[in-house]
Amino acid sequence: MKVAGSICVLYLGSALLVAACDSDPGDSNGSGETSFVPKDFLSEYVEVRNCRFSIEHDSINIRVLTSSEHAVAFTDGIYPFPEGTIIAKAEYDDMNCSELLGVTAMRRLATGTSPETGDWEWQRLDAELVPQSIDQKTCAGCHTGCTEGRDMTCTNP
Ligand code: HEC
């Protein structure tokens, strides 16, 4: 991966960062945070909302995917989602959803454990699934507003 490669060159000599270079590219941004979305999610997860324009971002097409055991909860609206549910929004540059731009994702925490983030953990990942730095409360803030009674999810299946 390009990013991991340049970190290796820049920081060769630092044991910590050299170790980061050895880790699977796409798993870490060097800060220890790893993607909770599995690398093969595009083939392993079930699509619960097909390729359509995003209402959040102009001109970006998105798909929403989740693991097969949680797909019914999403499509049938069985709330709250079980702890551990991961929902991924894949963002694309083209109408057919083939050029992946990046992913945003939410993972359900135990109810009552993180009221300030809506009991979800939030991530923004680049196309290689490397976590980007975000403010959890910004994600949660908007999702609280768009989802009366839908356990923080915004999109219609
Ligand atoms: C300005 C409001 C807003 C903010 C801020 C926001 N979202 Fe969303 N999000 C939406 C909307 C609206 C949708 C519905 C799908 C669409 O049209 O893009 C959505 C959909 C999603 C989905 C698909 C599941 C669902 O809720 O339908 C995920 C996952 C997601 N967002 C993650 C994030 C993460 C992570 C962040 C912070 C980095 C974030 N969102 C910030 C508005 C927002």
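Use the structure listed above.
Before going into details, it helps to say that this report is about the structure given with it. Chains are numbered independently. Their residues run from 1 in the order of the written sequence. Reporting of local features is limited, given that this is a predicted model, to residues whose pLDDT is at least 70; pairs of side-chain atoms are given and counted only at 80 or more, and all residues count toward the totals for whole chains, interfaces and linings. The side-chain numbers reported here are obtained from all heavy atoms of the structure, hydrogens and water having been left aside.

**Observations regarding the state of the cysteines**
Move 1: In plain terms, two cysteine sulfur atoms within 2.5 Å form what is called a disulfide here. Scanning all chains against the criterion turns up 2 disulfides.
Move 2: Disulfide pairing is shown between Cys51 and Cys97; the S-S distance is 2.1 Å. Residues Cys51 and Cys97 are joined by a disulfide whose S-S torsion is about 90°; by sign, that bridge is right-handed. Pair noted here: Cys51 is in strand E1 (residues 46-53) and Cys97 is in the loop between strand E3 (86-92) and strand E4 (100-108), with a separation of 46 residues, a long-range link.
Move 3: Only protein chains enter the accessibility calculation, which uses a 1.4 Å probe; a residue is then buried when its area is under 20% of its type maximum, exposed when over 50%, and partly exposed in between. A relative accessible area of 25% means that Cys51 is categorised as partly exposed.
Move 4: The disulfide partner of Cys146 is Cys154, and the gap between their sulfur atoms is 1.8 Å. In this text, helices come from DSSP runs of H or I with a minimum length of four residues, and strands from runs of E with a minimum of two, each type numbered from the N-terminal end.

**A word on the environment of Ile86**
Move 1: Tracing the backbone shows Ile86 in strand E3.
Move 2: Separated by 15 residues in sequence, Ile86 and Ala71 place their C-alpha atoms 9.9 Å apart.

**Some thoughts on the environment of Val37**
Move 1: Relative to the helices and strands, Val37 is located in the loop between helix H2 (15-22) and helix H3 (41-44).
Move 2: Contacts are assigned to residue pairs with any non-hydrogen atoms lying within 4.5 Å of each other. Beyond its immediate stretch of four places on either side in the chain, Val37 contacts Ile86, Ala88, Ala105, Gln123, Leu125 and Leu129.

**Re the coordination of the iron atom of the ligand**
Move 1: Note on donors: an N, O or S atom is included if it sits within 2.8 Å of the metal, or within 3.2 Å for Na, K and Ca, and water is never included, so sites can look incomplete. No other protein atom reaches the iron atom of the ligand as a donor apart from His143 (NE2), found 2.1 Å away.
Move 2: Tracing the sequence through the fold places His143 in helix H5 (residues 136-146).

**So, the side chain of Thr66**
Move 1: Its location among the elements puts Thr66 in strand E2 (residues 61-66).
Move 2: For the purposes of these results, a polar contact is taken to be a pair of N or O atoms within 3.5 Å, where, inside protein, one atom must be able to donate a hydrogen and its partner to accept one; residues adjacent in sequence count only when each atom of the pair is a side-chain atom. Looking at Thr66, its side chain comes within polar contact range of the main-chain oxygen of Ile86, at 2.7 Å.
Move 3: When residues no more than four places from it in sequence are discounted, the contact partners of Thr66 are Tyr45, Val46, Val48, Ala71, Thr85, Ile86 and Ile87.

**Observations regarding the pairing of E4**
Move 1: One ladder, built from 7 bridges, connects E3 with E4; its direction is antiparallel. Each residue of the ladder has a partner; that of Glu91, found in E4, is Gly102.
Move 2: Strand pairing follows a simple DSSP-based rule, namely that at least 2 bridges must link the two strands. Of the pairings in the sheet, the one linking E4 to strand E5 (residues 120-126) comprises 7 bridges and is antiparallel in character. Its bridge partner being in E5, Arg108 is matched across the sheet by Trp120.

**Quick notes on the sheet that holds strand E6 (residues 131-132)**
Move 1: Taken together, the 6 strands give an open sheet; going across it, the order is E1-E2-E3-E4-E5-E6, and neighbouring strands pair in antiparallel fashion. Of all the strands in the sheet, the pair left with one neighbour each is E1 and E6.
Move 2: Each of E1, E2 and E3 touches helix H4 (residues 68-76); the most contacted strand, E1, lies at about 55° to it.
Move 3: Interaxial angle, 0 to 180 degrees, is taken between N-to-C directions of lines fitted to C-alpha atoms, where a helix line uses only the stretch in contact. Its contacts with the sheet put H5 on E4 and E5, and the angle it makes with E5 is roughly 110°.

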